[in-house]
Amino acid sequence: SIAYVAGDQPRALMPEGANRVDLSAEQTAAVWIPYISNSGMYEITPSTITTRPMVALWPNFMEGGSATYTYEVQGDMLRLSRREEDFLWNANLRRVR
């Protein structure tokens, strides 16, 4: 499973007392577009992890979509990176014992 907020800022909060049907198009985009979430299968090589979702927030991603990340493990740190044409995503994850 993968869940993260794309970007370097927290997602916008929904207005107090509002629910999803109350939001404008701009509010909906600010709340939901930065959020990435999917779960499924993965393939791993010595340098990459490719995810193949069975369930995803964005339904079209479930229709044969995949995402490939490069990774590096150093001690308790895992560094993931993903690059596309105009997109670069990096994450540094530390194992908690």
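Up top is the structure these notes are about.
Residues numbered from 1 in each chain as written. Predicted model: local features only at pLDDT ≥ 70, side-chain atom pairs only at ≥ 80, totals over all residues. Heavy atoms only, no water.

Visitor: Looking at this structure, I do not really get the overall build of the protein chain. What am I missing?
Guide: A count of helices and strands for the protein chain gives one helix and six strands. Listed by position from the N terminus, the elements making up the protein chain come as β-α-β-β-β-β-β. On C-alpha atoms alone, the protein chain measures out to a radius of gyration of 16 Å, which is more than a quarter above the 13 Å that the 2.2 N^0.38 rule sets for 97 residues. Each of the three principal axes of the protein chain carries a C-alpha extent, and together these read 45 × 30 × 30 Å. Out of the 97 residues belonging to the protein chain, those deemed buried represent 19%. Excluding contacts between residues fewer than 6 apart, the proportion of contacts in the protein chain whose partners are at least 24 apart in sequence is 21%. Of the side chains in the protein chain, 9 bear a positive and 11 a negative charge, and the two mean positions are spaced by 10 Å. (Helix = DSSP H or I, 4+ residues; strand = E, 2+ residues; numbered from the N terminus. Rg over C-alpha atoms; globule rule 2.2 N^0.38 Å. Buried < 20%, exposed > 50% of the residue type's maximum accessible area, 1.4 Å probe, protein only. Contact = heavy atoms within 4.5 Å. Lys, Arg positive; Asp, Glu negative; His and termini not counted. Charge placed at Lys NZ, Arg CZ, Asp CG, Glu CD.)

Visitor: Looking at this structure, how should I read the sheet that holds strand β3 (residues 48-56)?
Guide: Hydrogen bonds between backbone groups are what pair the strands of a sheet, and the pairing can be parallel or antiparallel. One open sheet holds the six strands; their spatial order is β1-β2-β3-β4-β5-β6, and the pairing between them is antiparallel. Unpaired on one side and paired on the other, β1 (2-5) and β6 (87-94) mark the two borders of the sheet. For this sheet the average axis-to-axis angle between neighbouring strands, irrespective of direction, equals 35°. (Pairing = 2+ DSSP bridges. Axes fitted to C-alpha atoms, helices over the stretch in contact; angles between N-to-C directions.)

Visitor: Looking at this model, I keep getting lost on the environment of proline 15. Mind explaining?
Guide: The topology assignment puts proline 15 in the loop between β1 and α1 (25-32). Note on proline 15: relative accessible area 33%, which makes it partly exposed. When the C-alpha atoms of proline 15 and arginine 95 are compared, they prove to be 35 Å apart, with 80 residues separating the residues in sequence. Ignoring any residue separated from it by four or fewer positions in sequence, one finds proline 15 in contact with Leu23 and Gln27.

Visitor: Explain a nonpolar patch on the surface here, please?
Guide: Taken together, the side chains of Met41, Met54, Val55 and Met62 make up a nonpolar region of the molecular surface, amounting to roughly 420 Å² of accessible area. Residue methionine 54 is classed as exposed on the basis of its relative accessible area, which comes to 57%. (Patch = residues over 30% accessible without salt bridge, like charges linked within 9 Å, V, L, I, M, F, W, Y side chains within 5 Å. Areas by Shrake-Rupley, 256 points an atom, 1.4 Å probe, with all protein chains shown as cover. Salt bridge = Lys/Arg side-chain N within 4 Å of Asp/Glu carboxyl O.)

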